[in-house]
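Commentary on secondary and tertiary structure
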Amino acid sequence: MEFKLYDTLTREKRVFTPLDPANVRMYVCGPTVYDFAHIGNARPVIVFDVLFRLLRHIYGAAHVTYVRNITDVDDKINARAAEEYPALPLNEAIRKVTEKTDQQFHEDVAALGCLPPSAEPRATEHIAEMRTLIERLVKAGNAYVEGDHVLFSVASMPDYGRLARRSLDEMIAGARVEVAPYKRAPMDFVLWKPSKPGEPSWPSPCGIAAPGRPGWHIECSAMSWKHLGETFDIHGGGIDLVFPHHENEIAQSRCAFHTPVMANYWVHNGFLQVEGEKMAKSLGNFVTIRDLLRDWPGETVRLAMLQTHYRQPLNWTTNGLREAQRTLDLWYELTGDAAPGLLCADTLDAVADDLNSPKAVASLHELRGEAAKGSKAAAGSLKASAQLLGLLQETASEWAGFRPASISIDENKVTALIAARNAARRVKDFRESDRIRDELAKIGVVLKDTKDGTTWEIAR
Ligand SMILES: [Zn+2]
């Protein structure tokens, strides 16, 4: 078997060779804990869980270290804390917000069938490592102190921009860079900044008297160093993190350690849209993982996600969820409580080919076909192979026992639409009758035409 991964840095799919097969190391940028995670946050969590499972399969569970950080110091957290707990001192309010959100996140991703990472370091527990890195960078001439800030000097690194493949001018034009009096050049970015009164603060590095707090990018360089070393195998995250976050992580880590690379493979999942539109609170199509888990089993959400290759943009639709639900119903029906059998070579090859999950799902459909003809071996193999993707992990009775908590359908509206469709059918306006059937399908209602009239049911 050959395992290949697409590397954003070199823009090519390459055979994966770990630095040390006895300890394969992966770092993935985790959530900023201030609110319920949304479906866009779920994508990298699921994608890198599949990669984690594949690595464990190839190298053995004891030989893979997966680190996913938790960002618990951030302006968004401060703002949310002040808004939600105005009567509390800010530090206490922040602790409440981060603890609550952290717990919600863990409940959500466990429900999506994701394995816990090997370590989940928190930014606030790695301030000492960040200070050490910052002091090294200043000493080496890659960073400078100005007005109680420490900034990374982009001009000090000739390779800057290699991951994003943009020139300095393009980066300045594209990144809406903040102009600030303490910056020597527009693209220079903050490693450390002074805290405002009441904000969390720590003793500053480089002899700065005022207490301060770290910039965002430095935390990942510090935590990956602490838990994985100066150079490691895989660094992952959403495609939106390529620039500036990952570009800046590379700059910090490589300049601090004088290494040619920070990680050997940069793996990024594509964007996510909802029903063909950008997801935004202002558009009213903002979907949290929690919302979805009220209506659908976690595995359904997971399969709906994996039906698109991780590097492709994903269009999240209710129809995709329904399709995933029907597929899993069929698979559970056939596998029942059978013991996992042999892992199917086609499924493994597909996952090992840059995590080609749609192809892996196609191989599972083939196994289902054979199992439906009565092959017990195929049923066992379907179960084992689906588990490589983190699917078919429940018992048949657990699966059958799931009931959506909040499917709400306006019955009067359904009755009126069915009457309008019947009227259209009577005058042979089939275009209109089909349109109405599609409209009902969109809200989750499936029609059945019988001799005695039209009945309907809620699609699952
Ligand atoms: Zn990061």
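Residues numbered from 1 in each chain as written. Predicted model: local features only at pLDDT ≥ 70, side-chain atom pairs only at ≥ 80, totals over all residues.

Our next topic: the environment of Asn248. Relative to the elements of secondary structure, Asn248 occurs in helix α7 (residues 242-257). With 85 residues separating them along the chain, Asn248 and Leu163 place their C-alpha atoms 9.7 Å apart. Residues contacting Asn248, with those up to four places away along its chain left out, are Phe152, Phe189 and His217. (Helix = DSSP H or I, 4+ residues; strand = E, 2+ residues; numbered from the N terminus. Contact = placed C-beta atoms within 7 Å.)

Quick look at the environment of Asp452 now. Looking at the secondary structure, you find Asp452 in the loop between β14 (445-450) and β15 (453-458). For Asp452 and Lys100, which are 352 residues apart along the polypeptide, the C-alpha to C-alpha distance reads 53 Å.

This part is about unusual backbone geometry. Phe243 connects to Pro244 through a cis peptide bond whose omega is 5°. Examined against the element boundaries, Pro244 turns out to sit in helix α7.

In contact at an axis separation of 10 Å, helix α1 (residues 39-59) and helix α9 (residues 298-306) are set at 85° when each is read in the N-to-C sense. The orientation of α1 relative to α9 falls into the category roughly perpendicular. Contact residues: Ala42, Arg43 and Ile46 in α1; Arg302, Met305 and Leu306 in α9. Among the residues making up the contact of α1 with α9, the classes are represented as four nonpolar, no polar and two charged. (Axes fitted to C-alpha atoms, helices over the stretch in contact; angles between N-to-C directions. Parallel < 35°, antiparallel > 145°, perpendicular 65-115°, else oblique. Nonpolar A, V, L, I, M, F, W, Y, C, P; charged D, E, K, R; others polar.)

Formed by 110 residues in total, the largest nonpolar core has its most connected members in Ile46, Ile134, Leu137, Leu191 and Leu382. Broken down by element, the residue count for this core peaks at 11 residues, all from α1. Summarising the domain contributions, this core has at least three residues from each of domain 1 (4-269) and domain 2 (273-400). Once you skip the residues sitting within four places of it in the chain, Leu137 turns out to touch Asn142, Ala143, Phe152, Leu191, Gln252, Cys255 and Ala256. (Core = buried A, V, L, I, M, F, W, Y, C linked by C-beta atoms within 7 Å. Buried ≥ 20, exposed ≤ 12 C-beta atoms within 10 Å, placed from the backbone. Domains from an automatic or database assignment.)

Attention now moves to helix α4 (residues 127-139). Taking 1.5 Å as the rise per residue, α4 with 13 residues should run 18 Å; its terminal C-alpha atoms sit 18 Å apart, in good agreement. Here α4 has its buried residues at Ile127, Met130, Arg131, Leu133, Ile134, Leu137 and Val138. When α4 is viewed along its axis, its buried side chains cluster within an angular range of 165° and face the same direction. Immediately beyond the C-terminal end of α4, within one or two residues, lies Gly141, with a positive phi of roughly 85°. (Expected span 1.5 Å × (residues − 1). Arc of directions from axis to C-beta.)

Turning next to the domain arrangement of the chain. For the chain, the assigned domains read domain 1 (4-269), domain 2 (273-400) and domain 3 (411-458). At the junction of the two partners, domain 1 supplies 25 residues and domain 2 supplies 28 residues. Of all the secondary structure elements, the ones that give two or more residues to the side of domain 1 that touches domain 2 are β1 (4-7), α1 and α3 (90-111). Looking at the side of domain 1 that touches domain 2, the element that brings in the most residues is α1, giving 12 residues. Split into classes, the residues belonging to the side of domain 1 that touches domain 2 amount to 14 nonpolar, five polar and six charged.

Moving on, we come to the pairing of strand β3 (residues 24-28). Most of β3 is tucked away, with five of its five residues classed as buried. Side chains of β3 alternate between two faces, with Val24, Met26 and Val28 and Arg25 and Tyr27 buried alike. For the segment spanning β3, α1 and strand β4 (residues 64-68), crossover handedness is right-handed. (Right-handed = clockwise from strand over helix to strand, strands pointing away.)

Once that is clear, we can look at α1. A rise of 1.5 Å per residue sets the reference length of α1, with its 21 residues, at 30 Å; its end C-alpha atoms lie 30 Å apart and thus fit the reference within 8%. The buried count for α1 comes to 17 of 21 residues, which makes it a mostly enclosed element. Of the residues one or two after α1, Gly60 is the one with positive phi, at around 95°.

This brings us to the environment of Asp72. Relative to the elements of secondary structure, Asp72 occurs in the loop between β4 and α2 (75-84). Sequence spacing of Asp72 and Val97 is 25 residues, and the spatial spacing of their C-alpha atoms is 9.4 Å.

With that settled, the discussion passes to the packing of α4 against helix α6 (residues 216-228). Two elements in contact, α4 and α6, have axes whose closest approach is 9 Å; the angle formed by their N-to-C orientations is 105°. What the angle tells us is that α4 and α6 run roughly perpendicular. On the side of α4, the interface is formed by Glu129, Met130, Leu133 and Ile134, while α6 contributes Ile218, Glu219, Ser221, Ala222, Trp225 and Lys226.

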